[in-house]
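As a plain string of letters, each chain reads:
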Amino acid sequence: MRSLTYSDEQEEFRSVVRRFLDDHSPPTEVRRWMEDDAGFDPAVWRRLCDDLGVGGLHLPEAYGGQAFSAVEQSIVLQEMGRALLCSPYFGSIVLAATAIAHGATDAAKKERLPDLANGSQRAALAFAEQTSAWSPHDVAMTATADGADFRLDGSKRFVVDGHSADGLVVVARVPGSTGTDGLSLFWVAGDADGLERRRLESLDPSRKLAQLDFAGVRAAALGAPGTAAGALDHTLDLACIALAHEMVGGAERVLETTVEYAKTRVQFGRPIGSFQAIKHKCADMLVDVELAKSTAIHAAAAAAEGAEDLPLLAALTKALVSDAYRTAATESIQIHGGIGFTWEHDCHLYFKRARSAAILLGDATHHRERMARLLELGASKASA
Amino acid sequence: MTVTEASVRAEVRAWLEAHWDPELSLRDWRERLADSGWGCPTWPEAWYGRGLPLAMESVVRQEFRRAGAVGIASGGGSGLAAPTILEHGSDELKRALLRPIITGEHAWCQLFSEPGSGSDLAGLTTRADRDGDEFVISGQKVWNTSAHHAQYGMLLARTNWDVPKHRGISYFAFEMEQPGVTVRPLQQMNGYASFNEVFINEARATLHQVIGQVDQGWSVALATLAHERRLAGIHDDTPLEGSGRAIEEYREERAHVMAPYVWYPQRYGRVDLIVKRARETGRDNDPVVRQEIAKLLSLQRAAGWTAERAKQARVLGRPPGPEGSIGKLCGSHIARQAADTHALISESDALLAGEDGPEAGIIAEILLSVPGQSIAGGTDEIQRNILAERQLGLPRDPTTDAGKPFRDVPRNVAD
Ligand SMILES: Cc1cc2nc3c(=O)[nH]c(=O)nc-3n(C[C@H](O)[C@H](O)[C@H](O)COP(=O)(O)OP(=O)(O)OC[C@H]3O[C@@H](n4cnc5c(N)ncnc54)[C@H](O)[C@@H]3O)c2cc1C
Ligand SMILES: Cc1cc2nc3c(=O)[nH]c(=O)nc-3n(C[C@H](O)[C@H](O)[C@H](O)COP(=O)(O)OP(=O)(O)OC[C@H]3O[C@@H](n4cnc5c(N)ncnc54)[C@H](O)[C@@H]3O)c2cc1C
């Protein structure tokens with residue numbers, strides 16, 4: 001059985017990260033960066049990379065990383081989710097750097113990863129195109145060979161931090177190819193000719209999303225052209241697990257603050273937490289959060305050891321943890337009563353993260369259907 | 001020497017190779033288990049065990065299964081009574097009671113619930129009045145699994161009516177086969193009769209049969225209940241293959257003892273049948289069925305990982321968390337969801353039972369057995385209270401009986 005507990009050293013690392021985020025990412029700061037167009041504090045990001053080394057935590061040492069695993073990364077993500085940190089971590093490290101680490105040539109990794117790991121550059125991964133298409137296999141954007149380079153045409157949506165990143169890792173396909181065939185990863189500078197970037201208004205301003213339009217943008221391939229499907233699938237599985245840890249951290253925090261509120265808010269001459277209707281909601285939240293946590297930790301351990309059933313575990317984890325966080329955040333507002341529905345109270349910050357993270361990279365229904373296919377349920381099993 | 005999974009595995013494997021003999025009588029084999037400590041490896045070495053950490057239990061069990069060897073007698077005796085006696089019993093009780101539990105000579109039942117006190121267990125009114133070195137016991141117990149074939153009962157009775165309810169209860173190792181004890185089966189909604197009413201009329205127990213101290217039985221009862229929550233998710237029903245005297249006698253024992261409980265696997269919801277049935281019926285093409293199956297399997301796995309995480313934390317010496325009640329709640333969630341998914345898969349066939357029903361009646365049996373799961377061993381509501389109050393620290397329910405002598409506390413009219 002995989003190890004499902006963190007070691008004392010790992011817990012020590014967690015408290016260092018937590019102390020840092022308590023100081024640098026209180027709700028007032030979160031609110032400030034939600035209003036901001038770039039959406040994060042460059043000084044805090046630099047210190048997270050310089051002092052705590054979070055940027056390269058899970059990357060190999062040869063590319064400027066520290067060669068820890070998804071398990072150590074899960075601690076960072078839980079703490080970031082707990083603090084609702086607004087940072088380039090998810091877009092630049094979890095998505096873009098992981099895609100490069102798994103899908104680029106050695107030379108390209110050496111060129112790109114150290115700058116991402118140390119925070120001096122920020123990248124975004126552009127793969128999704130339509131609402132329903134969280135699978136890179138549905139990518140329509142074309143890459144036409146043009147000498148040693150390629151020309152990219154098409155549009156990307158839901159690109160995390162795509163409007164402000166220094167560089168973009170773009171998924172496009174050989175014209176005429178379909179499905180897993182012909183997919184490649186490209187590097188495009190943020191200010192490339194023919195690229196138009198627009199930040200999208202979104203449900204959760206603590207994680208910015210962009211639309212990117214490419215009209216004949218020149219790009220260099222990051223890996224061997226036409227072979228990126230496997231690396232992308234793996235990147236997205238890892239990203240689902242990473243996002244799940246962020247959600248676990250948020251959900252744990254929501255449970256804590258809600259229970260705290262229920263102990264102190266008095267109605268009918270009693271703390272509302274003495275009413276069973278409230279108590280039982282809190283108990284159900286605890287069960288959901290504990291199950292979500294065990295599941296996410298198990299998935300991180302599986303990722304660290306390169307388990308074969310990772311796609312199934314990633315789908316299961318994303319679906320189950322999304323539901324747990326969404327439920328916790330919803331009940332949290334309910335238990336806070338009217339005050340929970342106001343802008344000034346922090347409940348909605350978590351609620352927005354819970355909602356948006358549940359949808360990002362595919363919602364629970366999408367991932368349960370993926371599970372069903374991976375379990376070879378139904379006639380569709382031939383194409384799974 | 002540090003104990004590792006590998007070292008334990010190697011040791012138990014070597015021992016089984018040298019000692020497992022299917023031609024022994026079941027009784028002789030289990031005597032051997034008792035002497036070696038491998039039958040209950042997490043018990044103390046002084047008491048038939050090997051003092052291994054809890055986490056090693058499954059390792060040993062795997063090796064027994066691999067070798068095709070029979071284990072100690074299972075049921076309320078080894079699962080609930082023995083750990084309670086180990087924690088709270090006198091050496092005299094340990095000497096008298098543990099070995100027959102291992103060999104299967106004594107089956108045990110739990111005589112906790114009463115018509116007037118189920119969830120409010122501490123409100124019980126069965127009385128045990130002191131008579132020299134003995135107690136005279138009278139009252140009525142109910143819902144008692146195994147009572148009709150048990151030699152001993154874990155019995156709670158009131159020994160002091162002048163103190164608040166939790167402080168006047170004693171816990172007895174109660175002999176079932178004596179004058180004044182009448183056991184009557186109760187039929188359940190699924191048609192089976194696996195539990196009983198037990199009428200006790202001036203039966204007797206000695207002072208030495210008190211587990212823990214007189215009047216201090218509540219904390220002993222809590223220990224039993226904690227084991228019960230922990231066990232709620234564990235049910236190992238692997239039927240033994242192979243031949244030999246011990247195995248045949250074990251199969252007979254099982255057929256006899258388990259006869260009233262053939263529905264037990266059904267009460268857990270039979271998640272193991274879900275995918276097979278969905279495929280066979282072609283319902284696995286239905287998007288709603290696919291969603292429900294994925295939800296159910298996710299919940300089942302998450303519950304397993306949560307139990308495993310708690311176990312690993314215990315091995316590391318970290319304080320126990322809420323896992324008992326979480327496990328109990330997950331067990332009933334899984335059972336309910338599984339029943340609903342079975343009904344969804346079976347469509348109108350779910351109307352039919354017995355030989356006319358799908359899986360020769362098993363599906364109907366699942367639908368009619370699962371409701372017991374969220375009541376037995378502490379209801380879902382009580383588990384939520386425990387989590388909210390003990391784990392999350394929310395204020396306790398206001399009570400009307402706190403601090404009052406039990407004789408002045410309002411009770412069910414029938415009592
Ligand atoms: C959109 C909106 C519009 C509103 N408009 C108006 C308006 O026009 N005028 C006006 O006067 N007010 C208005 N309100 C206020 C509203 O009536 C209160 O928010 C509501 O009555 C709950 O009170 P509370 O917010 O103080 O929560 P609390 O009473 O503190 O409740 C907090 C939580 O405890 C639970 N709880 C409380 N008591 C018990 C109990 N005995 N048993 C079990 N659970 C309990 C609640 O259900 C809730 O989940 C509005 C609120 C909202 C959100
Ligand atoms: C399959 C099965 C096997 C069993 N085996 C045994 C056995 O071997 N030995 C034995 O002694 N007993 C046994 N029981 C009995 C079991 O422990 C009791 O049924 C259980 O504790 C509930 O008690 P009750 O039936 O009196 O219900 P009650 O306590 O009357 O409860 C009725 C309802 O009220 C709710 N309720 C009660 N108190 C509260 C509260 N404070 N807050 C919120 N809700 C509350 C309950 O959750 C339930 O929904 C068994 C029961 C079953 C179903």
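The preceding data block contains the structure.
Now for a description of the structure that goes with this document. Because the structure is a prediction, the values reported are computed rather than measured.

## A closer look at the overall build of chain A
Regarding its fold elements, chain A presents eleven helices and nine strands. The C-alpha atoms of chain A give 21 Å as radius of gyration, which agrees with the globular expectation for 384 residues (21 Å, within 12%). Dimensions of chain A, computed from the C-alpha atoms along their principal axes, are close to 80 × 50 × 40 Å. Of all 384 residues assigned to chain A, the portion counted as buried reaches 58%. In chain A, once contacts between residues fewer than 6 apart in sequence are set aside, the share between residues at least 24 apart is 74%.

## A short note on empty space enclosed by the protein
Residue and element names in this part refer to chain A. Counted under the stated rule, the structure contains three cavities of 30 Å³ or more. Volume-wise, the largest cavity comes out at about 160 Å³. Taken together, 19 residues form the lining of the largest cavity, with L85, C86, S87, R207 and R353 sitting closest to its centre. The set of elements that each furnish at least two residues to the lining of the largest cavity consists of α4 (70–83) and α5 (89–103). Looking at the second largest cavity, its volume works out to about 90 Å³.

## Some remarks on the site of ligand 1
Residues and elements named next belong to chain A. In the neighbourhood of ligand 1, the contacting residues comprise R265, Q267, F268, I272, F275, I278, Q334, I335, G337, G338 and F341. Between an oxygen atom of ligand 1 and a main-chain N or O atom of Q334, the distance comes to 2.7 Å. In this structure, an oxygen atom belonging to ligand 1 sits 2.6 Å away from a main-chain N or O atom of G338. About the coverage of ligand 1: the protein hides 42% of its 980 Å² of free accessible area. Grouping the constituent residues of the shell around ligand 1 by class yields six nonpolar, four polar and one charged.

## As for the nonpolar core
Of all hydrophobic cores here, the largest spans 157 residues; its most connected members are L152, V188, F214 and L361 of chain A. A total of 18 residues in this core trace back to one element, the largest contributor, which is helix α7 (residues 229–264) of chain A. The residues touching L361 of chain A, leaving out its near neighbours within four places in the chain, are F90, L95, F127, W134, L236, A239, C240, L243, K318, H366 and H367 of chain A. W29, C40, W47 and W218 of chain B belong to the second largest nonpolar core, which has 53 residues in total.

## What about the packing of aromatic side chains?
The relation between two aromatic rings is expressed through the spacing of the ring centres and the mutual angle of the planes. Residues and elements named next belong to chain B. Summed over the entire model, instances satisfying the criterion amount to 15 aromatic pairs over all chains. Centre to centre, the rings of F112 and Y171 are 5.9 Å apart; their planes meet at 90°, and the pair counts as edge-to-face. With F112 in the loop between β1 (108–111) and β2 (127–131) and Y171 in strand β5 (residues 169–175), the pair connects residues that are 59 residues apart, well separated along the chain. Using a relative accessible area of 4% as the deciding quantity, one classes F112 as buried. Geometry around F406 places R158 over its ring, the cationic atom sitting 3.5 Å from the centre. Of note, R267 hangs over the ring of Y264, and the distance from its end group to the ring centre comes to 4.4 Å.

## Quick word on the interface of chain A and chain B
By a widespread convention, an interface's size corresponds to the accessible area lost as its parts come together. Of the residues lining the interface, 47 residues belong to chain A; the matching set on chain B comes to 41 residues. Here chain A packs against chain B, burying approximately 3,800 Å² in sum over the two surfaces, 62% of which is carbon and sulfur. Counting the contacts that link chain A with chain B gives six salt bridges. Between D397 of chain B and K279 of chain A there is a salt bridge; the shortest N-O distance is 3.2 Å. In this structure, the connection of chain A to chain B is made through 24 residue pairs in polar contact (both at pLDDT 80 or more). Of all the secondary structure elements, the ones that give two or more residues to the side of chain A that touches chain B are α7, β9 (270–271), α8 (276–304), α9 (310–336) and α11 (364–374) of chain A.

## As for the site of ligand 2
Of all residues adjacent to ligand 2, which total 18 residues, the nearest are S113, S119, W143, T379 and E381 of chain B. The environment of ligand 2 is shared, with nearby residues belonging to chains A and B. Within the backbone of F112 of chain B, one N or O atom sits 3.0 Å away from an oxygen atom of ligand 2. About the coverage of ligand 2: the protein hides 69% of its 970 Å² of free accessible area. Contributing elements (two or more residues each) for the shell around ligand 2: β3 (134–145) and α13 (380–391) of chain B. A class-by-class count of the residues in the shell around ligand 2 yields six nonpolar, eleven polar and one charged.

So, how was this worked out
Here the residue numbers are simple positions, counted from 1 along each chain's written sequence. All chains are assigned letters beginning with A, and all ligands numbers beginning with 1, in the order in which they are written. Per-residue local features of the predicted model are confined to residues with pLDDT of at least 70, and side-chain atom pairs are confined, for both listing and counting, to 80 or more; whole-chain, interface and lining totals are unaffected and use all residues. Processing note: side-chain calculations cover all non-hydrogen atoms of the structure and skip hydrogens and water entirely. A run of DSSP states H or I qualifies as a helix once it reaches four residues; a run of E qualifies as a strand once it reaches two. Both are numbered from the N-terminal end. A radius of gyration in this sense is built from C-alpha atoms; the matching globule rule multiplies 2.2 Å by the number of residues raised to 0.38. When a residue's accessible area, from a 1.4 Å probe over protein chains only, is under 20% of the maximum for its type it is buried; when over 50% it is exposed; and in between it is partly exposed. Contact criterion: two residues are considered in contact whenever any of their non-hydrogen atoms come within 4.5 Å of each other. Both cavities and pockets are sets of points on a 1 Å grid over the protein atoms alone; in a cavity a 1.4 Å probe fits but cannot get out, in a pocket the set is open with protein on both sides within 12 Å along at least five of seven lines, and lining residues sit with an atom within 4 Å of a point. Grid points are joined across faces, edges and corners, and a volume is the space filled by probe spheres set on the points. We call a residue near a molecule or strand when any one of its heavy atoms sits within 4 Å of it. Two N or O atoms count as a polar contact when they lie within 3.5 Å, although within protein this holds only if one can serve as hydrogen donor and the other as acceptor, and sequence-adjacent residues are included solely when both atoms are side-chain atoms. The accessible surface values rely on the Shrake-Rupley method and a 1.4 Å probe; as for residues, cover is taken only from the protein chains in view. Three classes are used, and their members are as follows: Ala, Val, Leu, Ile, Met, Phe, Trp, Tyr, Cys and Pro are nonpolar, Asp, Glu, Lys and Arg are charged, and the others, Gly among them, are polar. To qualify as a nonpolar core, a set must consist of buried Ala, Val, Leu, Ile, Met, Phe, Trp, Tyr and Cys residues joined through side-chain atoms within 4.5 Å. Think of it this way: a Phe, Tyr or Trp ring, Trp meaning its six-membered ring, pairs with another when their centres are within 6.5 Å, and the plane angle makes it stacked under 30 degrees, edge-to-face over 60, tilted otherwise. Note on criteria: charge over ring means Lys NZ or Arg CZ within 6 Å of the ring centre, with the direction from the centre no more than 35 degrees off the ring normal. Note: buried area is the sum, over both parts, of the accessible area (probe 1.4 Å) each one loses when the two are combined. Only one rule defines a salt bridge in this text: a Lys or Arg side-chain nitrogen within 4 Å of an Asp or Glu carboxyl oxygen.

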